[in-house]
Amino acid sequence: MSGDRSLGRTLLLVGAVAATGIVYVGLVPLYLSAGDPDRAIRSIVVGWVPYALVWYLLGRRLSSPERLPNMRAADAGLAFVLVSLLASLGLDAWGVTPELVPEAHALQAVGIFVGLALLGWGIGRRSKALSRAA
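Please read these numbers as outputs of a predicted model, since none were measured by experiment. (Residues numbered from 1 in each chain as written. Predicted model: local features only at pLDDT ≥ 70, side-chain atom pairs only at ≥ 80, totals over all residues. Heavy atoms only, no water.)

Enquirer: I would appreciate a short explanation of the packing of aromatic side chains in the present structure.
Expert: Applying the stated criterion to the full structure yields 2 aromatic pairs. Judged by centre distance (5.5 Å) and plane angle (75°), the rings of Tyr24 and Phe113 are edge-to-face. In this pair, Tyr24 sits in helix α1 (residues 2-33) while Phe113 sits in helix α4 (residues 106-133), placing the two residues 89 residues apart along the sequence. Taking 5.1 Å as the distance between ring centres and 80° as the angle between the ring planes, the aromatic pair formed by Tyr51 and Phe113 counts as edge-to-face. In this pair, Tyr51 sits in helix α2 (residues 37-62) while Phe113 sits in helix α4, placing the two residues 62 residues apart along the sequence. Accessibility expressed as a relative area gives 18% for Tyr51, which makes it buried. Put simply, the rings of Tyr24, Tyr51 and Phe113 pair up and form one aromatic cluster. (Phe/Tyr/Trp six-rings, centres within 6.5 Å; stacked < 30°, edge-to-face > 60°. Helix = DSSP H or I, 4+ residues; strand = E, 2+ residues; numbered from the N terminus. Buried < 20%, exposed > 50% of the residue type's maximum accessible area, 1.4 Å probe, protein only.)

As structure tokens, then:
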């Protein structure tokens, strides 16, 4: 039974990595080269789900919590995501849109991706500890 779960998680990890790659290596450059930045931005946002799922699954697979870990990593990740989104929306409200000045949103983009990684890792680590305790 444990082998089935491990195989299922491995397949899910491979699928999430593939989906993330398709979005960020395939779709985003395709839309940008076609001159459609709106679809590229939507693809980036949709790609956040498989990206966070990759980090969740890595947290479950690679971490080895001795006891029930706290949620500081996930809390910090959520804070990074929210603050970065608010900063980007603030720039957008002042007329500095990602389509016009993408460089102005680069720091916020890094913050979002770091935050999603921390959020996924923290939840995955906690989930692994809870499943061990059960």
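Once you've had a look at it, read on.
Enquirer: What am I meant to see in helix α3 (residues 72-93) here?
Expert: In an α-helix, one full turn covers 3.6 residues, which means residues spaced three or four apart are oriented alike. If you check α3, its first and last C-alpha atoms are 31 Å apart, about what 22 residues at 1.5 Å a residue would give, namely 32 Å. Of all the residues in α3, the buried ones are Ala74, Gly77, Val81, Ser84, Ser88 and Leu91. Angularly, the buried residues of α3 cover 125° about the axis, an arc narrow enough to put them on a single face. Away from its buried face by more than 90 degrees, α3 exposes Arg72, Asp75, Val83, Leu86, Leu89 and Ala93. Once α3 ends, the next one or two residues include Gly95, with phi positive near 95°. (Expected span 1.5 Å × (residues − 1). Arc of directions from axis to C-beta.)

Enquirer: Mind showing me how you'd approach the environment of Leu32 here?
Expert: Its place among the elements puts Leu32 in helix α1. Taking the C-alpha atoms as reference, Leu32 lies 30 Å from Leu11; in sequence the two are 21 residues apart. Once residues within four sequence positions are removed from consideration, Leu32 is found in contact with Pro37 and Ala40. (Contact = heavy atoms within 4.5 Å.)

Enquirer: Could you clarify how one ought to interpret the layout of surface pockets in this entry?
Expert: The calculated volume of the largest pocket comes to roughly 540 Å³. Lining the largest pocket are 21 residues; nearest its centre among them are Ile41, Ile44, Ser88, Pro98 and His105. It is α2 that contributes the most residues to the lining of the largest pocket, 6 residues altogether. Residue composition of the lining of the largest pocket, grouped by class: 16 nonpolar, 3 polar and 2 charged. (1 Å grid on protein atoms, 1.4 Å probe; cavity = no way out; pocket = protein on both sides within 12 Å on 5 of 7 lines; lining within 4 Å. Points joined across faces, edges and corners; volume = space filled by probe spheres on them. Nonpolar A, V, L, I, M, F, W, Y, C, P; charged D, E, K, R; others polar.)

The analysis is restricted to geometry; functional conclusions fall outside its scope.
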